[in-house]
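So you can see what is in the structure, the chains are spelled out below.
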Amino acid sequence: MRNLGRPEASLIGVQYVANNYGIHQGAYSRTRRRPLGLCRHGSRQRTEFGHYGYEIDIRSPATPPGTILLASIPDLMGPGRTAEMTYYETAAGAKVFAAGRAHFGASVGDPVVARILDNLWRD
């Protein structure tokens with residue numbers, strides 16, 4: 001899409017920034033106290049979850065206004081190369097979630113990730 005003058009961040013909220021074939025991996029840290037209802041069932045929930053790497057996505061100037069940063073893995077692939085999990089709603093009411101990294105779906109067995117996905121589907 002970037003080659004056509006339409007950065008992917010204008011549609012999904014984030015865009016590809018780096019890939020290191022899984023050499024560096026890290027856990028997401030929540031950037032908001034209650035992203036997608038993550039803490040609905042008590043305040044003792046982990047603030048970090050998952051173990052990710054490989055390819056990461058980040059917000060850009062094309063990211064739609066109102067996009068919320070839910071979690072991030074700061075500087076995973078060097079300064080400014082941070083994996084960012086985002087969410088936004090369009091004026092038409094569409095709800096857009098981006099995991100901010102490849103293979104997020106492979107971690108659905110993690111209770112925190114499962115809760116995030118359950119809350120996304122519920123909303």
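Above this text sits the structure in question.
Report follows, based on the coordinates.

Some thoughts on the overall build of the chain
Right, so step 1: Regarding its fold elements, the chain presents two helices and seven strands.
Right, so step 2: The linear arrangement of helices and strands in the chain, starting from the amino end, is α-β-β-β-β-β-β-β-α.
Right, so step 3: For the chain, the residues scored as buried account for 42% of the 123 residues in total.
Right, so step 4: A fraction of 61% describes how many contacts in the chain between residues 6 or more apart in sequence connect residues 24 or more apart.

Observations concerning the pairing of strand S5 (residues 68–73)
Right, so step 1: Within S5, five of the six residues are buried, leaving the element largely enclosed by the surrounding structure.
Right, so step 2: Bridging between strand S2 (residues 25–30) and S5 involves two bridges; their strand directions are antiparallel. Bridging across to S5, Ser29 finds its partner in Ser72.
Right, so step 3: Of the pairings in the sheet, the one linking S5 to strand S6 (residues 83–89) comprises five bridges and is antiparallel in character. Bridging from a neighbouring strand, Ser72 pairs with Glu84 of S6.

Overview of the nonpolar core
Right, so step 1: Tyr28, Phe49 and Met85 are the most contacted members of the largest nonpolar core, which has 19 residues in total.
Right, so step 2: Looking at this core element by element, the count peaks at four residues for helix H2 (residues 111–122).
Right, so step 3: The contact partners of Phe49, leaving out residues within four places of it in the chain, are Ala27, Tyr28, Arg30, Ala71, Met85, Asp110, Val112, Val113 and Ile116.

So, the pattern of salt bridges
Right, so step 1: In the structure shown here, the tally under the stated rule is one salt bridge.
Right, so step 2: The partner of Arg59 in a salt bridge is Glu84, and the shortest N-O contact between them spans 2.9 Å. In this pair, Arg59 sits in the loop between strand S4 (55–58) and S5 while Glu84 sits in strand S6, placing the two residues 25 residues apart along the sequence.
Right, so step 3: Accessibility expressed as a relative area gives 36% for Arg59, which makes it partly exposed.
Right, so step 4: Here Glu84 falls in the buried class, since its relative accessible area comes to 8%.

Digging into the environment of Phe104
Right, so step 1: Here Phe104 lies in the loop between strand S7 (95–98) and H2.
Right, so step 2: With a relative accessible area of 7%, Phe104 lands in the buried category.
Right, so step 3: Each C-alpha atom of the pair Phe104 and Gly50 lies 8.6 Å from the other, and the pair is 54 residues apart in sequence.
Right, so step 4: Once you skip the residues sitting within four places of it in the chain, Phe104 turns out to touch Tyr52, Met85, Phe97, Ala99, Val113 and Leu117.

Reading guide: rules and limits
Residues numbered from 1 in each chain as written. Predicted model: local features only at pLDDT ≥ 70, side-chain atom pairs only at ≥ 80, totals over all residues. Heavy atoms only, no water. Helix = DSSP H or I, 4+ residues; strand = E, 2+ residues; numbered from the N terminus. Buried < 20%, exposed > 50% of the residue type's maximum accessible area, 1.4 Å probe, protein only. Contact = heavy atoms within 4.5 Å. Pairing = 2+ DSSP bridges. Core = buried A, V, L, I, M, F, W, Y, C linked by side-chain atoms within 4.5 Å. Salt bridge = Lys/Arg side-chain N within 4 Å of Asp/Glu carboxyl O.

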